[in-house]
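If you want the building blocks of each chain, they are given just below.
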Amino acid sequence: MKRREAVRLLAVAPLAAAFSWGPESARDAALLAREALRQRPYEPKNFTPHEWETVRVLVDLILPKDERSGSATDAGVPEFMDFMLGDDTDLQTPVRGGLAWLDHECDDRYAKTFVACSDAERAAVLDDIAWPKKASPKYSAGVAFFNSFRDFTASGFFSSRIGIADVGYIGNTFVAEWKGCPPEALTKLGVHYE
């Protein structure tokens, strides 16, 4: 399964529950992110310039551009996050603290910030925190941050126009004849119609 497919599956879960904001806040943030994309260059209101650069790199590592759709930055995910941090100040400490954790970890390993690291160095750090069941207990803070940040990225992406198109959502559409789930989905789930 490709990374985008896995993150899309995460998006169908109640991602906002990882943070304490509801669907109205996510809708408002998505709308404001779209507006912000029209106003280039966007000036973040809740991130320092270094944090902003880190966010933009990290979201695109989570959801890079591919043959199917644009990247997380193309979808306005950093702008979405910036709005959400202003709307819910309780997010500021875990998000900004997690970004600082990444820089601290990279400084310990490579004597440079996350943004200044090479692609291979960034991947090594993220590989240590992206898989909670495999992660060493010494990375528990990084694991907690990255899991929440990945969910935050998916929420921003899949509430954007690019993300909605990527999912293939067509809205409330009348289906003349419902034939049920495709056989391959039923097989994978281990269920069948009687």
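Residues numbered from 1 in each chain as written. Predicted model: local features only at pLDDT ≥ 70, side-chain atom pairs only at ≥ 80, totals over all residues. Heavy atoms only, no water.

(A) View of the packing of helix α5 (residues 92–110) against helix α6 (residues 119–129). It is at 11 Å that the axes of α5 and α6 come closest, and there the two elements cross at 120°. Judged on the interaxial angle alone, α6 and α5 are oblique. Crossing of α5 over α6 shows right-handed handedness. Where α5 approaches α6, its residues Trp-101, Leu-102, Glu-105, Cys-106, Arg-109 and Tyr-110 are matched on the opposing element by Glu-121, Ala-124, Val-125, Leu-126, Asp-128 and Ile-129. Within the contact of α5 with α6, the residues separate by chemical class into eight nonpolar, no polar and four charged. (Axes fitted to C-alpha atoms, helices over the stretch in contact; angles between N-to-C directions. Helix = DSSP H or I, 4+ residues; strand = E, 2+ residues; numbered from the N terminus. Parallel < 35°, antiparallel > 145°, perpendicular 65-115°, else oblique. Left-handed = near helix turned anticlockwise from the far one by under 90°. Contact = heavy atoms within 4.5 Å. Nonpolar A, V, L, I, M, F, W, Y, C, P; charged D, E, K, R; others polar.)

(B) Inspection of the packing of aromatic side chains at higher detail. According to the stated counting rule, one finds six aromatic pairs in the structure shown. Ring centres 5.2 Å apart and planes at 40° place the aromatic pair Phe-145 and Phe-149 in the tilted group. One end of the pair, Phe-145, and the other, Phe-149, are both in helix α7 (residues 140–158), four residues apart, so they sit about a helical turn from each other. Judged by relative accessible area, Phe-145 falls into the buried class, the value being 7%. Put simply, the rings of Tyr-42, Phe-47 and Trp-52 touch in pairs and so form one group of aromatic residues. The side chain of Arg-122 reaches across the aromatic face of Phe-114, ending 5.8 Å from its centre. Lys-134 extends its terminal NZ or CZ atom over the ring of Trp-131, reaching a point 5.8 Å from the ring centre. (Phe/Tyr/Trp six-rings, centres within 6.5 Å; stacked < 30°, edge-to-face > 60°. Buried < 20%, exposed > 50% of the residue type's maximum accessible area, 1.4 Å probe, protein only. Lys NZ or Arg CZ within 6 Å of the ring centre and 35° of its normal.)

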